[in-house]
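Architecture at a glance
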Amino acid sequence: MDLVWLQVERWKRVDWLLHGFLGRRGGKGTGVYASLNLSFRVGDDPQVVKDNLCDMKKAVGVHDLRIVTMRQMHGDQILEVKDKHLKEAGAADGMVTEERGLFLGVLTADCVPILFSISGRKLVAVVHAGWRGTLAGITTKMMNYLRDRYDVEPTSVEVALGPAIGSCCYEIGADVAVPLVQKWGSLAERCLQARDRKRFLDLRDLNSLLLERAGVPPGQIFKIGPCTSCATEDFFSYRCERGETGRQMSFIGWL
Ligand SMILES: [Zn+2]
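Thresholds, definitions, all that
- Residues numbered from 1 in each chain as written.
- Predicted model: local features only at pLDDT ≥ 70, side-chain atom pairs only at ≥ 80, totals over all residues.
- Heavy atoms only, no water.
- 1 Å grid on protein atoms, 1.4 Å probe; cavity = no way out; pocket = protein on both sides within 12 Å on 5 of 7 lines; lining within 4 Å.
- Points joined across faces, edges and corners; volume = space filled by probe spheres on them.
- Helix = DSSP H or I, 4+ residues; strand = E, 2+ residues; numbered from the N terminus.
- Nonpolar A, V, L, I, M, F, W, Y, C, P; charged D, E, K, R; others polar.
- Expected span 1.5 Å × (residues − 1).
- Buried < 20%, exposed > 50% of the residue type's maximum accessible area, 1.4 Å probe, protein only.
- Pairing = 2+ DSSP bridges.

All right, on to the layout of surface pockets then. In this model, the largest pocket occupies a volume close to 950 Å³. If you trace the largest pocket, you find 33 residues lining it, with Ser 39, Gln 72, Leu 107, Thr 108 and Arg 247 closest to the centre. When contributions to the lining of the largest pocket are tallied by element, the ones reaching two or more residues are helix H2 (46–60), strand E3 (66–71), strand E7 (102–108) and helix H3 (131–136). The dominant element in the lining of the largest pocket, judged by the number of residues it contributes, is E3, at five residues. In terms of residue class, the lining of the largest pocket is built from 15 nonpolar, seven polar and 11 charged.

Structure, rendered in structure tokens:
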């Protein structure tokens, strides 16, 4: 299987941790879903998506294990996942698990897939952050959730932000820029760029700054992979493909 599978170098060395940011290559989907679409919610043939899931799980080595996804809402709900037999955890944009052999998956095509690993703990989390989730403060909320429920210090958190649309391509209007600046002030301003009388946003940078503000050391925040809209050979991009496209999966869990 010709898979695009990006990883954090130092997480690869933790032998019980398995994670990845997958791209669109190596699946059976055709047309706008070519080829490794892993979402049942975007109009692709469900049998093809099923086959893709099965083939992908074999390729990454979790064939007999579950990758739980969520019904992503562009909000700030976080769910704790304990049931290994679930396929979908419910309506949320963040999940946490301590269960061995239960992998958490995020589906994206431009939004930021974010994976959390807690050093020395068998505890993992994921977040889906588009502009609405970023405005709602989903990453900050995840940090609070980890502290309140699991007694996690921000200095023990390592975070990887995967392939997402960059400020090279993500043109936004005042409807997005104004509320983000109102909510996050100078942090949001640092992630906005003006070119040719247009405004562009770097969502990955903004979430990374929010994580730093929540206390995660900058050396423990990793940005992995290119801009999805610049790299449509390897990644689905909602913007670049005008809304009709598949979703790639990012996942994390422990064996
Ligand atoms: Zn780009």
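We now examine helix H4 (residues 138–150). Compared with an ideal rise of 1.5 Å per residue, which puts 13 residues at 18 Å, H4 spans 17 Å between its outermost C-alpha atoms and is within 8% of the ideal. Buried within H4 are the following residues: Ile 138, Thr 139, Thr 140, Met 142, Met 143, Tyr 145, Leu 146 and Tyr 150. Count one or two residues on from H4 and you reach Asp 151, which has phi positive near 60°.

Turning next to the sheet that holds strand E5 (residues 88–91). The strand order across the open sheet formed by six strands is E1-E2-E15-E7-E3-E5, and the pairing between neighbours is mixed. Two strands in the sheet have a free side with no partner beyond their single neighbour: strand E1 (5–6) and E5. Bridge count between strand E2 (residues 17–22) and strand E15 (residues 248–254): five bridges; the pairing is antiparallel. Along E15, the bridge assignment pairs Gly 20 with Phe 251.

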